Amino acid sequence: MREHFLPFALPDTDEAEVAAVAEVIRSGWLTTGAKTRTFEAEFAKLVGAKHAIAVNSCTAAMHLALEALGVGQGDRVLTTPYTFAATGEVIRYLGADPLFVDIDPATFNIDPAQVGAALARERVAAIVPVHLGGEPCALDELRRVAGDIPIVEDAAHALPAKLGGRMIGALSRATCFSFYATKTLSTGEGGMITTDDDALAERCRIMSLHGISRDAWKRYTAEGSWQYEIIAPGFKYNLTDVAAALGLVQLGKLGAMWQRRVAIAARYDAAFAGHPELQVPARASANQHAWHLYMLRVPAGARDAFVEHLRAHNIGASVHFIPLHVHPYYRDTYRYTPNDFPIAYREFQREVSLPIYSRMTERDVDDVIAAVHAGVAKLRV
Ligand SMILES: Cc1ncc(COP(=O)(O)O)c(C=O)c1O
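These figures come from a predicted structure and were not determined experimentally.

Parameters and conventions
- Residue positions within a chain follow its written sequence, with the count starting from 1.
- The predicted origin of the model limits local features to residues at a pLDDT of at least 70 and limits the giving and counting of side-chain atom pairs to 80 or more, whereas totals for whole chains, interfaces and linings rest on all residues.
- Water and hydrogen atoms were dropped before computing side-chain values, which therefore reflect all heavy atoms in the structure.
- Only protein chains enter the accessibility calculation, which uses a 1.4 Å probe; a residue whose area is less than 20% of its type maximum is buried, one above 50% is exposed, and one in between is partly exposed.
- A run of H or I in DSSP counts as a helix once it spans at least four residues, and a run of E counts as a strand once it spans at least two, with each numbered from the N terminus.
- The definition of a polar contact used here is a pair of N or O atoms within 3.5 Å, where within protein one atom must be able to donate a hydrogen and the other to accept one, and adjacent residues in sequence count solely through side-chain atom pairs.
- Throughout this document, a residue counts as near a molecule or strand when at least one of its heavy atoms sits within 4 Å of that molecule or strand.
- Computed by Shrake-Rupley with a 1.4 Å probe, the accessible areas treat only the displayed protein chains as cover when residues are assessed.
- In short, DSSP must find at least two bridges between two strands for them to pair.
- For helices, the fitted axis covers only the stretch in contact; all axes are lines through C-alpha atoms, and the angles between them, taken along N-to-C directions, range from 0 to 180 degrees.
- Note on definitions: a residue-residue contact is assigned when non-hydrogen atoms from the two residues lie within 4.5 Å.
- Any angle between 65 and 115 degrees counts as roughly perpendicular, while under 35 counts as roughly parallel, over 145 as roughly antiparallel, and the rest as oblique.
- Helix crossings fall into two classes, left-handed where the near helix is turned counterclockwise from the far one by less than a right angle and right-handed where it is turned clockwise.
- Put simply, a nonpolar core is a bunch of buried Ala, Val, Leu, Ile, Met, Phe, Trp, Tyr and Cys residues held in one set by side-chain atoms that sit within 4.5 Å of each other.
- Delimitation of the domains relies on an automatic or database domain assignment.
- By convention in these notes, a salt bridge is any Lys or Arg side-chain nitrogen within 4 Å of a carboxyl oxygen on Asp or Glu.
- Any residue outside Ala, Val, Leu, Ile, Met, Phe, Trp, Tyr, Cys, Pro, Asp, Glu, Lys and Arg is labelled polar, Gly included; the first ten of those are nonpolar and the last four are charged.

Looking at helix α3 (residues 58-68)
- When you tally the buried positions in α3, you get 9 out of 11 residues, the bulk of the element.
- Measuring from the backbone nitrogen of Thr59 back to the side-chain oxygen at the start of α3 gives 3.3 Å, which picks out Ser57 as the cap.
- Among the residues trailing α3, Gly70 stands out with phi positive, at a value near 85°.

Below, the structure written as structure tokens:
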């Protein structure tokens, strides 16, 4: 058994990030400024979007995108229960209600057929699909059933992911990314909205900094002016130049970090293929999986013991996610029972996420595989 605990996730940072952050600190400009604008420009180029607006989280990004679309009190926003807290809460921030639709058990992603059925019954203001773990949602099918309803992608897990050959980030009205510490590009905390829609981009930018009209961040620069106008009660969601400097270095390593996760996923797949008790993550061969998560499935009823077993072997594992409708807030507010979304509830009970990050050594991967093999052997006795 390994001597030291293998964390579930670690950011891949080195002296290059340290130097970039030190340069920003020495410059005297710590908050949103030129570095953030460069980060936005590079990010927009990468995903092929016209605009990229840097913010301080994916939660902020989704809040701003839905606000810019005019989602408000009494509206319904269609999304998946199989997601993190953020996807649901931003809908509630605006006074709207989530309309949950169950998932496709193969991918954990929202099921377009069920979305179509829900849309035949209910009016919704927007649709928020989530690319769970980094496997792209069936966006083309979703678009077909959605018609004119705007889609805002929760792409917190989906950098760099491709649907067919198309990069996630320029395929819907708006796409929201996360640069949280555990994500595939990390700035500690951070996020990005990408869009081709000029008006939506402008509204998000203004609302990300107090609702102050144009270039509020420039007011302390040589070109800036002390004058400003507040056009709406905005938010304080801007990204700092310290974080953007980290992000720029991380962007340069994005491909290499992704290649490493692809290799780890391939090793896990090969190692676990022979166990009928295990189900390895599904992926469509035409797509590019970002491999933010490696979502293994174990037999129902054995999951919690499996996670504990991995921990006892010094392997940090996790579970993604406890479906939103099972949590007290959603359960009590909307009177849900677990089987209102039976596939989400069933698959959650089988899910174990294994460590998959570029700083893992081959030895770390060997240790995870050995611990999983031992866990399967335990299941058999
Ligand atoms: C699916 C999903 N959406 C949104 C978020 C929120 O991201 P952030 O922490 O950048 O706000 C997360 C974070 O873990 C997530 O997993």
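That shown, we press on.
Some thoughts on the site of the ligand
- Near the ligand lie 17 residues; those nearest to it are Thr59, Asp154, His157, Ser178 and Lys183.
- Asp154 is positioned with one of its side-chain polar atoms (N or O) 2.7 Å from a nitrogen atom of the ligand.
- Alone, the ligand offers 390 Å² of accessible surface; in the complex the protein occludes 92% of this.
- Contributions of two or more residues to the shell around the ligand are made by α3 and α4 (85-93).
- No other element matches the 3 residues that α3 contributes to the shell around the ligand.

Comments concerning the sheet that holds strand β8 (residues 174-178)
- Spatial ordering of the open sheet is given by β1-β9-β8-β5, a layout of 4 strands whose pairing is mixed. Because the sheet does not close on itself, it has two edges, and the strands there are β1 (51-55) and β5 (152-154). Shown here is a sheet whose adjacent strand axes are inclined to one another by a mean of 20°, direction ignored.
- As defined by bridge partners, β5 adjoins β8 across 3 bridges and the pair is classed as parallel. Following the sheet pairing, Glu153 is matched in β8 by Thr175.
- Across the sheet, helix α7 (residues 198-207) lies against β1, β8 and β9 (191-195), angled at about 15° from β1, the strand it touches most.

Overview of the packing of helix α2 (residues 34-47) against helix α8 (residues 241-272)
- Close contact between α2 and α8 brings their axes to 8 Å; oriented N to C, the two are set at 30°. Considered as vectors, α2 and α8 are oriented roughly parallel to each other. α2 and α8 meet at a crossing whose hand is left-handed. Of the residues in α8, those touching α2 at Ala34, Lys35, Thr36, Thr38, Phe39, Glu42, Phe43 and Leu46 are Asp241, Ala244, Ala245, Gly247, Leu248, Leu251 and Leu254.

Re the pairing of strand β10 (residues 294-297)
- With burial as the criterion, each face of β10 is covered, one bearing Tyr294 and Leu296 and the other bearing Met295 and Arg297.
- Across 4 bridges, β10 lies against strand β11 (residues 351-354) in antiparallel orientation. Of the residues in β11, the one forming a bridge with Met295 is Ser353.

Describing the sheet that holds strand β4 (residues 126-128)
- Overall, parallel pairing links the 3 strands, which are arranged β3-β2-β4 in an open sheet. Since the sheet does not close on itself, it has two edges, and those belong to β3 (97-100) and β4, each with one partner. Each strand axis lies, on average, 35° off the axis of its neighbour in the sheet, ignoring direction.
- Bridge analysis of strand β2 (residues 76-79) against β3 gives 4 bridges, and the strand direction is parallel. When the sheet's bridge partners are listed, Arg76 is paired in β3 with Asp97.
- Against the sheet, α4 touches β2, β3 and β4, its axis set at about 140° to β3.
- Lying on the sheet, helix α5 (residues 112-121) is in contact with β2, β3 and β4; it crosses β2 at an angle near 165°.

Thoughts on the environment of Thr83
- Secondary-structure assignment places Thr83 in the loop between β2 and α4.
- Overall, the relative accessible area of 3% leaves Thr83 in the buried class.
- Distance from Thr83 to Arg144, taken between C-alpha atoms, is 23 Å for residues 61 residues apart in sequence.
- If sequence neighbours within four positions are ignored, Thr83 has contacts with Val130, Asp154, Phe321, Ile322 and Leu324.
- Engagement of the side chain of Thr83 in a polar contact is seen with the side chain of Thr87, the distance being 2.6 Å.

Concerning the nonpolar core
- Formed by 39 residues in total, the largest nonpolar core has its most connected members in Phe39, Phe43, Leu78, Ile127 and Phe177.
- At the level of secondary structure, the elements contributing two or more residues to this core comprise α2, β1, α5, α6 (139-146) and α8.

Looking at the domain arrangement of the protein chain
- Per the domain assignment, the segments of the protein chain are domain 1 (15-250) and domain 2 (254-380).
- Taking only C-alpha atoms, the centre of domain 1 and the centre of domain 2 are 26 Å apart.
- Counting across the interface, domain 1 meets domain 2 through 0 salt bridges.
- The tally of links from domain 1 across to domain 2 stands at 19 residue pairs in polar contact (both at pLDDT 80 or more).
- Elements with a minimum of two residues in the side of domain 1 that touches domain 2: α4, β3 and β6 (162-163).
- With 4 residues, α4 is the largest single contributor of residues to the side of domain 1 that touches domain 2.
- Class assignment for the residues of the side of domain 1 that touches domain 2 results in 21 nonpolar, 11 polar and 7 charged.

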